[in-house]
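# Topology and contacts: notes
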Amino acid sequence: LKRAAQLAPAPCRWNSGLPVNIGVLFVPQQEAWVVERMGKFHRILEPGLNFLIPLLDRIRYVQSLKEIVINVPEQSAVTLDNVTLQIDGVLYLRVMDPYKASYGVEDPEYAVTQLAQTTMRSELGKLSLDRVFRERESLNASIVDAINQASDCWGIRCLRYEIKDIHVPPRVKESMQMQVEAERRKRATVLESEGTRESAINVAEGQKQAQILASEAEKAEQINKAAGEANAMLVKARAKAEAIQLLAAALAQQHGNAAASLSVAEQYVNAFSKIAKDSNTVLLPANTGDVTNMVAQALGIYTTLTKPQAVKTQDEILPAQENSQPPATEVLKAEQGSSS
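This text gives an overview of the structure that appears in the document. (Residues numbered from 1 in each chain as written. Predicted model: local features only at pLDDT ≥ 70, side-chain atom pairs only at ≥ 80, totals over all residues. Heavy atoms only, no water.)

### Observations concerning unusual backbone geometry
- Backbone geometry places Leu55, a non-glycine residue, at a positive phi of 70°.
- With respect to the secondary-structure elements, Leu55 resides in the loop between strand 4 (48–51) and strand 5 (57–64).
- Classification of Leu55 as exposed rests on a relative accessible area of 89%.
- Notably, Asn82 is not glycine yet its phi reads approximately 60°, a positive angle.
- Relative to the helices and strands, Asn82 is located in the loop between strand 6 (67–78) and strand 7 (84–95).
- Exposure remark for Asn82: the relative accessible area of 66% places this residue in the exposed category. (Helix = DSSP H or I, 4+ residues; strand = E, 2+ residues; numbered from the N terminus. Buried < 20%, exposed > 50% of the residue type's maximum accessible area, 1.4 Å probe, protein only.)

Next up, the structure:
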């Protein structure tokens, strides 16, 4: 029964019959009536009012110039990789030449339908199963070109061919489903690995930027700290220099030495009072209880520190006095003259 259904002719469009020649005829739009005179082709009636001779002229064929849609029955086809498919389609036709469509073939619609089926089988045999699904549009175009090459002499032109359904065997369908799932798992694994790699790269970049910023901050901190210490040293040095200048000016005034002696003595006593506070090892002088001797010793230290200036002034005065005395040869000559 299945084989008989495949070999059965395709369903043709419904035809209400041929019109009767009554002499005056009105041809509808988008139809072509083929007229025979005494059994021979005479002419094709155009839409509108037409006149024929009764009994001599006969309307033999009525061709519709509209686009015809034909359902191509489901058929089996074997692909290049030996997979059997069940495919059906839709065929769109139009009669371009009523004369060829009437006298070129007995049943143009059935002929085009069979040609579409055989062409589809041959085109599917050139493709593998995967390419059938990917190149569906190119497959339709190939079938249309093959049909137009064969149906040109029939006066029919195939406008387009569309595959409706492709039925795959259950086992092949399960294999395809497993392949799709494996492909999706592979894609998910690849995407996950790429995400992990990008995440690691982002973390490394972040750590790198953090280290760079931390080193720059530390560098700036050290520079600021060094600049602060330098400014502090300059301020201290300037303060110390001003203090020394003020101290020198105070010593140059009247009774400045006495005030300096008093200050040195006080500092000496204060320093002596701090002995044995920072360390357990203490070196004490013999006369620790004699405060008067300690003050005198402190004043002696200050006098010793200020003494080089006086010695220097004396050293400057002595060469001047020596230069003022006469030479030794002149003194000897004066003594000899006095003795004589």
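### Here's the deal with the pairing of strand 3 (residues 40–45)
- Alignment of strand 2 (residues 31–37) against strand 3, held across 5 bridges, turns out to be antiparallel. Opposite Trp33, over in strand 3, you have Leu45 as the bridge partner.
- Following strand 2, the chain reverses through 2 residues before pairing antiparallel with strand 3; Met38 in that reversal takes a positive phi of roughly 55°. (Pairing = 2+ DSSP bridges.)

### A few points about the pattern of salt bridges
- Across all of its chains, the model carries 4 salt bridges by this definition.
- Measuring nitrogen to oxygen at the nearest pair gives 2.6 Å for the salt bridge that ties Arg37 to Asp57. You can see Arg37 sitting in strand 2 and its partner Asp57 sitting in strand 5, a full 20 residues away along the chain.
- In this structure, Glu67 engages Arg160 in a salt bridge whose closest nitrogen and oxygen atoms are separated by 3.4 Å. Placement of the pair is Glu67 in strand 6 and Arg160 in strand 8 (residues 156–167), with a sequence separation of 93 residues.
- The partly exposed category is assigned to Glu67, whose relative accessible area is 32%. (Salt bridge = Lys/Arg side-chain N within 4 Å of Asp/Glu carboxyl O.)

### With respect to the packing of helix 3 (residues 108–124) against helix 5 (residues 136–151)
- The N-to-C vectors of helix 3 and helix 5 enclose an angle of 135°; their axes lie 9 Å apart at closest approach. Relative to helix 5, helix 3 is oriented oblique. Helix-helix and strand crossings are classified by hand; for helix 3 and helix 5 the assignment is right-handed. Between helix 3, through Val112, Leu115, Ala116, Thr119, Met120, Glu123 and Leu124, and helix 5, the contact on the second element is made entirely by Leu139, Ser142, Ile143, Ala146, Ile147, Ala150 and Ser151. (Axes fitted to C-alpha atoms, helices over the stretch in contact; angles between N-to-C directions. Parallel < 35°, antiparallel > 145°, perpendicular 65-115°, else oblique. Left-handed = near helix turned anticlockwise from the far one by under 90°. Contact = heavy atoms within 4.5 Å.)

### As for helix 5
- Between its first and last C-alpha atoms helix 5 spans 23 Å; for 16 residues at 1.5 Å apiece the expected length is 22 Å, and the two agree.
- Listed in full, the buried residues belonging to helix 5 are Leu139, Asn140, Ile143, Val144, Ile147, Asn148 and Ser151. Down the axis of helix 5, the sector holding all buried residues measures 165°, keeping them to one side.
- Of the surrounding elements, those touching the buried residues of helix 5 are strand 7, helix 3 and strand 8. (Expected span 1.5 Å × (residues − 1). Arc of directions from axis to C-beta.)

### A word on the nonpolar core
- Counting 32 residues, the largest nonpolar core has Leu85, Leu91, Leu93, Ile147 and Tyr161 as the members making the most contacts within it.
- Elements supplying a minimum of two residues to this core: strand 6, strand 7, helix 3, helix 4 (129–134), helix 5 and strand 8.
- Considering each element in turn, this core owes the most residues, 6 residues, to helix 3.
- Setting aside residues no more than four positions away along its own chain, Tyr161 makes contact with Val72, Gly89, Val90, Leu91, Ala116, Met120, Asn140, Ile143 and Val144.
- In this structure, Val27, Trp33, Ile59 and Val62 belong to the second largest nonpolar core, which totals 8 residues. (Core = buried A, V, L, I, M, F, W, Y, C linked by side-chain atoms within 4.5 Å.)

### Observations regarding the side chain of Asn140
- Mapped onto the elements, Asn140 comes out in helix 5.
- Residue Asn140 is classed as buried on the basis of its relative accessible area, which comes to 8%.
- Setting aside its immediate chain neighbours within four residues, Asn140 contacts Tyr161, Glu162 and Ile163.

### Overview of the sheet that holds strand 2
- Strand order in the open sheet formed by 3 strands is 3-2-5, with antiparallel pairing between adjacent strands. For this open sheet the edge positions go to strand 3 and strand 5, each flanked by a neighbour on one side alone. The mean angle between the axes of side-by-side strands here comes to 25°, regardless of whether they run parallel or antiparallel.

### Comments concerning a nonpolar patch on the surface
- A cluster of nonpolar residues, Val24, Phe26, Leu49 and Phe51, forms a patch on the protein surface that exposes about 430 Å² of accessible area.
- Of all elements in the fold, only strand 1 (24–27) and strand 4 reach the threshold of two or more residues within the nonpolar patch. (Patch = residues over 30% accessible without salt bridge, like charges linked within 9 Å, V, L, I, M, F, W, Y side chains within 5 Å. Areas by Shrake-Rupley, 256 points an atom, 1.4 Å probe, with all protein chains shown as cover.)

### A closer look at the sheet that holds strand 6
- Strand order in this open sheet of 3 strands is 6-7-8, and the pairing throughout is antiparallel. Among the strands making up the open sheet, the edge pair consists of strand 6 and strand 8. Between one strand and the next, the sheet's axes are offset by a mean angle of 20°, whatever the strand orientation.
- Two strands pair when backbone bridges link them, and strand 7 and strand 8 are joined in this way by 10 bridges, in the antiparallel orientation. Bridge pairing links Leu91 to Tyr161 in strand 8.
- Relative to strand 6, helix 3 is tilted by about 40°, and along the sheet it contacts strand 6, strand 7 and strand 8.

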